Amino acid sequence: MEIKLLSGALGAEIKGLDLKDTSNENFKKINDLLLEHKVIFFRDQILSAEQHKAIAEKFGPLETHAYVKGLEQHPEIVRIIKAEDEKNQWGENWHSDVSYNAKPTKAVILKSIKIPPVGGDTCFSNMELAWETLDEKIKEKIKDKKAIHSSLGAEFFIKNYKKMEGNNKKNYDEYANEHPIVRTHPETGKKILYVNWTYTKKIIGFEKEESDEILNRIFEHQARLDLTCRFNWTENAIAIWDNRSVIHYAIADFFPGRGLGYERIMDRIAIEGDHPQ
Ligand code: SIN
């Protein structure tokens, strides 16, 4: 097995591991790599929908997306499609997937099907490192606080994608959950900064103005380039990320007028998480 680090902060590209091998031994290697690097990448892995689901199921029960319809035959697979003529791209801002859920996603396995010849990379940022490096005064203020995560941001995703279908849930504005701002990783015991630009709306216990000010400082900190890595996709590549300890950002730099306008297609499977503690 070969491990190539993508940056000093997080992320590793792995060679010599077959994701079709769902033995406990192979899964342990994959999970250990995931816990160590937080996001791991594999190229040239031709997986059928069944094989994609089989490796995902090793991590735990599969999740169906709160707002987006899955494939007819495989409701757990969300096909993320950005058409040639669309400007918006699913996930084009920093976020942790479905953090508005009471039990947000544990991990995601994303498979590339069609990739533009230029652009469309995905960035990841390490939230364990973000907590470690956060300003001590802010840490002191927020360490025992909770924040509200709302699906208000999800409406944008569904309304803007012609080729993706919502599942007719219409409760965007009222669907929200509270989570600790600093959560403890259930497997590693490490502290993680658990807020994100897309879904986190307010710190409980602060007036809106102060909450906005602190959150904006945190969002800026989370996006610091020295906390991130960036993956340049090829077709049949796989990314597995620990959605508890990273945030991510799909870069929309291949729309008409910028990068000429290409289609990008990905298959996404998410694994159910727990209540952040
Ligand atoms: C996502 O934000 O979940 C998708 C990331 C991507 O398409 O690169």
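Refer to the preceding data block for the structure.
Residues numbered from 1 in each chain as written. Predicted model: local features only at pLDDT ≥ 70, side-chain atom pairs only at ≥ 80, totals over all residues.

### Quick word on the nonpolar core
The nonpolar side chains of a soluble globular protein tend to be buried, and buried together. I109, M127, L193, I238, A239, I240 and W241 are the most contacted members of the largest nonpolar core, which has 62 residues in total. Beyond its immediate stretch of four places on either side in the chain, M127 contacts I192, L193, Y194, S245, V246 and I247. (Core = buried A, V, L, I, M, F, W, Y, C linked by C-beta atoms within 7 Å. Buried ≥ 20, exposed ≤ 12 C-beta atoms within 10 Å, placed from the backbone. Contact = placed C-beta atoms within 7 Å.)

### Let's talk about helix α6 (residues 208-222)
The terminal C-alpha atoms of α6, which comprises 15 residues, lie 20 Å apart, in line with the 21 Å expected from a rise of 1.5 Å per residue. Considered for burial, the residues of α6 that qualify are S211, I214, L215, I218 and Q222. Along α6, the residues classed as buried sweep out an arc of 100° about the axis, all on the same side. For α6, the exposed residues lying more than 90 degrees away from the buried face are E209, N216 and E220. Taken together, the buried residues of α6 touch β7 (122-126), α3 (127-133), α4 (136-142), β11 (191-193), β12 (200-203) and β15 (246-250). (Helix = DSSP H or I, 4+ residues; strand = E, 2+ residues; numbered from the N terminus. Expected span 1.5 Å × (residues − 1). Arc of directions from axis to C-beta.)

### Brief notes about the sheet that holds strand β8 (residues 146-150)
Within the open sheet, the three strands sit side by side as β9-β8-β12. Their pairing is antiparallel. Of all the strands in the sheet, just β9 (176-180) and β12 have a single pairing partner and so form its edges. On average, each strand axis in the sheet is tilted by 30° relative to the strand beside it, whichever way the strands run. Sheet analysis places β8 next to β9, joined by five bridges and oriented antiparallel. From the neighbouring strand, A147 faces β9, where its bridge partner is H179. (Pairing = 2+ DSSP bridges. Axes fitted to C-alpha atoms, helices over the stretch in contact; angles between N-to-C directions.)

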